[in-house]
Amino acid sequence: MRIGIDIDGVLTNVIRYACDYGSKYFFEKYGELDININAWSLKDMFGVSDEEDKECWLSLVKNYSINEPARPFAAEIIKKMREENNEIYIITARSASKWDDEDGEMNHILTQWLKNNHIQYDKLIISNDKLEMCKKYHINIMVEDKTENINSISTELPVICFHENHNKNLNGKNIYRAYSWYDVYYKYLLIKEDVYHEKN
C-alpha cells in the first residue's frame, strides 16, 4: 500500500506550538489574550488580522521548522509500516506562502528535519492540492488533520484523521479518527483488513 502522511498537525503538534508561542507573541504585543483553542490558524486562534497572522508566523516558523520534535512514536510506526512493504509518501502544504524562501531554505530545513527525527519515507511531495496528489500517486490511505483536506480526500480514499480540537466534529464515510501514532497504526490495520475483505 501507499500511505500518505501530512507533517504539520500529524507528525508534529503544530496547534500546541502555535498556542504556546503565539500566546507569548500576542501577549507581549497587546498585553491581553483571547484564545480560541478550537481554531486551526493563528488568525482564528487569537482573533487577529491576516497580516498579523503572517507576521507572527514568520517570527515563529524557522524555530518551529527546525526544533519542534516529531510526535511520540511517529518514527517508530512509520518504520514499522515500511517494514510491512508499504510506501510512505510525505505530503505537505508547507511552502513559501508565509516564508521568504527564494533560495529554497524551507525545503532544506524540511528534509533535514525528517532526517533528524528519523522519519523514513519514499517520496516528499509539497503541494496545496492534496487530493490531486493522492490521486496522482495512487495513495491508498492518507493521514491528515486539516478539515478541508479530510473532507476532500475522503471522497476518494480512506483518511486517518489525526484528532485535534478543530476537527473534533468531523466524521463520515472513509474517515477513521486516531488519537496517537499507535492509534494511527491500529486504524491502518482496520482499513487494510477492510480492503482485503472487499477484494476477496
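See the structure above.
A. Representation of the side chain of Arg71 in the model. Mapped onto the elements, Arg71 comes out in the loop between helix 3 (50–67) and helix 4 (74–83). Judged by relative accessible area, Arg71 falls into the buried class, the value being 14%. Looking at Arg71, its side chain comes within polar contact range of the main-chain oxygen of Thr12, at 3.4 Å. Leave out the neighbours within four places in its chain, and Arg71 touches Gly9, Val10, Leu11, Thr12, Asn13, Phe162, Glu164 and Trp181.

B. Seen up close, the sheet that holds strand 2 (residues 87–92). As summarised here, the arrangement of the six strands in space is 3-2-1-4-5-6, forming an open sheet in which the pairing is parallel. The sheet terminates laterally at strand 3 (123–126) and strand 6 (175–178), the two strands that pair on one side only. Put simply, the sheet's adjacent strands are angled 20 degrees from each other on average, direction ignored. Sheet analysis places strand 4 (residues 141–144) next to strand 5 (residues 159–162), joined by three bridges and oriented parallel. Opposite Val143, over in strand 5, you have Ile160 as the bridge partner. Helix-sheet contacts for helix 5 (residues 105–116) involve strand 2 and strand 3, and the interaxial angle to strand 3 is about 145 degrees.

C. Up close: the side chain of Glu144. Mapping Glu144 onto the fold places it in strand 4. Its relative accessible area of 1% is what places Glu144 among the buried residues. Within polar-contact distance, the side chain of Glu144 engages the side chain of Lys130 at 2.8 Å. Once you skip the residues sitting within four places of it in the chain, Glu144 turns out to touch Asp6, Val10, Lys130, Asn149, Ile150, Val159, Ile160, Cys161 and Phe162.

D. Examining the nonpolar core more closely. Ile5, Leu11, Met81, Ile119, Ile160, Trp181 and Val184 are the most contacted members of the largest nonpolar core, which totals 27 residues. If you list the elements that add at least two residues to this core, you get strand 1 (2–5), helix 4, strand 2, helix 5, strand 4, strand 5 and helix 8 (181–199). In terms of nonpolar packing, the next biggest core, distinct from the first, is built from 17 residues, Val14, Cys19, Ala39 and Leu60 among them.

Conventions and cut-offs
- Residues numbered from 1 in each chain as written.
- Predicted model: local features only at pLDDT ≥ 70, side-chain atom pairs only at ≥ 80, totals over all residues.
- Heavy atoms only, no water.
- Helix = DSSP H or I, 4+ residues; strand = E, 2+ residues; numbered from the N terminus.
- Buried < 20%, exposed > 50% of the residue type's maximum accessible area, 1.4 Å probe, protein only.
- Polar contact = N/O pair within 3.5 Å; in protein donor to acceptor, adjacent residues only side chain to side chain.
- Contact = heavy atoms within 4.5 Å.
- Pairing = 2+ DSSP bridges.
- Axes fitted to C-alpha atoms, helices over the stretch in contact; angles between N-to-C directions.
- Core = buried A, V, L, I, M, F, W, Y, C linked by side-chain atoms within 4.5 Å.

Nothing here speaks to function; it is all geometry.
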